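# Examining the three-dimensional arrangement
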Amino acid sequence: MKKLMMICALLFSVITYANAQQSGGRMGGTPEERAKRSTDMLAEKLKLSDEQKTKVLAIYTAQGAEMTKAREAAGGDMSGMREKMTKMNDETNTKIDAVLTAEQKPAFKTWLEERKKAMEARMNGGGGK
């Protein structure tokens, strides 16, 4: 009976590990998938036109490529990495802001503030919204 329980526990842990690897890990998929997901979320929130969606997707895709290069270059230096990521995010948000209409810009600013608060809550152990 003890051997059966050990086999079941081992099988469960292998299945769990395999599923975690398939889902793209902690970052939530490839840079292209994250760019598409971010664009879709922003399109829904701000009612973007098709032309705006295309431009925003290109901005997010370029950011993903830059961040991948920065991660590889940083190695394990997370403090330096955090500064670079913050700067890249600010640049990306500025580029997106330039694509938006005057009516969409206040909603974008509000959305950014909501995301910042949610991130702070996660960092402080709040678990999100």
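Residues numbered from 1 in each chain as written. Predicted model: local features only at pLDDT ≥ 70, side-chain atom pairs only at ≥ 80, totals over all residues. Heavy atoms only, no water.

A word on a nonpolar patch on the surface. Taken together, the side chains of Met1, Leu4 and Met5 define a hydrophobic patch exposed on the protein surface, amounting to about 390 Å² of accessible area. With respect to the element layout, Leu4 can be found in helix α1 (residues 2-22). (Patch = residues over 30% accessible without salt bridge, like charges linked within 9 Å, V, L, I, M, F, W, Y side chains within 5 Å. Areas by Shrake-Rupley, 256 points an atom, 1.4 Å probe, with all protein chains shown as cover. Salt bridge = Lys/Arg side-chain N within 4 Å of Asp/Glu carboxyl O. Helix = DSSP H or I, 4+ residues; strand = E, 2+ residues; numbered from the N terminus.)

Once that is clear, we can look at the nonpolar core. Counting 12 residues, the largest nonpolar core is built from Ala35, Leu42, Ala43, Leu46, Leu48, Val56, Ile59, Tyr60, Ile96, Leu100, Phe108 and Trp111. Elements with a minimum of two residues in this core: α2 (31-46), α3 (50-74) and α5 (104-123). With four residues, α2 is the single largest residue contributor to this core. Discounting residues that sit within four places of it in the chain, Ile96 has contacts with Leu42, Val56, Ile59, Tyr60 and Phe108. Within the second largest apolar cluster, six residues are counted, among which are Ala70, Met81, Met85 and Met88. (Core = buried A, V, L, I, M, F, W, Y, C linked by side-chain atoms within 4.5 Å. Buried < 20%, exposed > 50% of the residue type's maximum accessible area, 1.4 Å probe, protein only. Contact = heavy atoms within 4.5 Å.)

With that out of the way, let us pick up the side chain of Asn93. When you line up the elements, Asn93 lands in helix α4 (residues 78-99). Dropping the residues within four chain positions of it, Asn93 is found in contact with Phe108 and Leu112.

In this structure, Lys47 is a non-glycine residue whose phi angle is positive, near 55 degrees. By the secondary structure assignment, Lys47 is in the loop between α2 and α3. Lys47 sits in the exposed class, given a relative accessible area of 65%.

Quick look at the confidence of the model for the protein now. Of all residues in the protein, 81% attain a pLDDT of 70 or more, and the chain-wide mean is 82. By mean pLDDT, α1 is the weakest element of the protein at 67, and α2 is the strongest at 90. (pLDDT = per-residue confidence, 0-100.)

Moving on, we get to the packing of α3 against α4. Orientation of α3 relative to α4, taken along the N-to-C sense of each, is 170 degrees, at an axis distance of 10 Å. Judged by the angle between their axes, α3 and α4 are roughly antiparallel. Taking contact as the criterion, the partners of Gln52, Lys55, Val56, Ile59, Tyr60, Gln63, Glu66, Met67, Ala70, Arg71 and Ala74 in α3 are, on α4, Met81, Met85, Met88, Asn89, Thr92, Lys95, Ile96 and Val99. The class makeup of the residues in the contact of α3 with α4 is 11 nonpolar, four polar and four charged. (Axes fitted to C-alpha atoms, helices over the stretch in contact; angles between N-to-C directions. Parallel < 35°, antiparallel > 145°, perpendicular 65-115°, else oblique. Nonpolar A, V, L, I, M, F, W, Y, C, P; charged D, E, K, R; others polar.)

Once that is clear, we can look at α4. With 22 residues, α4 should cover 32 Å at 1.5 Å per step; its first-to-last C-alpha distance of 31 Å lies within 8% of that length. Every buried residue of α4 is listed here: Met81, Met85, Met88, Thr92, Asn93 and Ile96. Buried residues of α4, seen end-on, are gathered within an arc of 140 degrees and therefore sit on one face of the element. Facing away from the buried side of α4, by more than 90 degrees, are the exposed residues Glu83, Lys87, Thr94 and Ala98. Where α4 is buried, its residues touch α2, α3 and α5. (Expected span 1.5 Å × (residues − 1). Arc of directions from axis to C-beta.)

By the definition in use, this model includes one aromatic pair. Taken together, a centroid distance of 6.1 Å and an interplanar angle of 25 degrees make the contact between Phe108 and Trp111 stacked. Of this pair, Phe108 and Trp111 both sit in helix α5, three residues apart, which is roughly one turn of that helix. Per residue, the accessibility class of Phe108 equals that of Trp111, and both read buried. (Phe/Tyr/Trp six-rings, centres within 6.5 Å; stacked < 30°, edge-to-face > 60°.)

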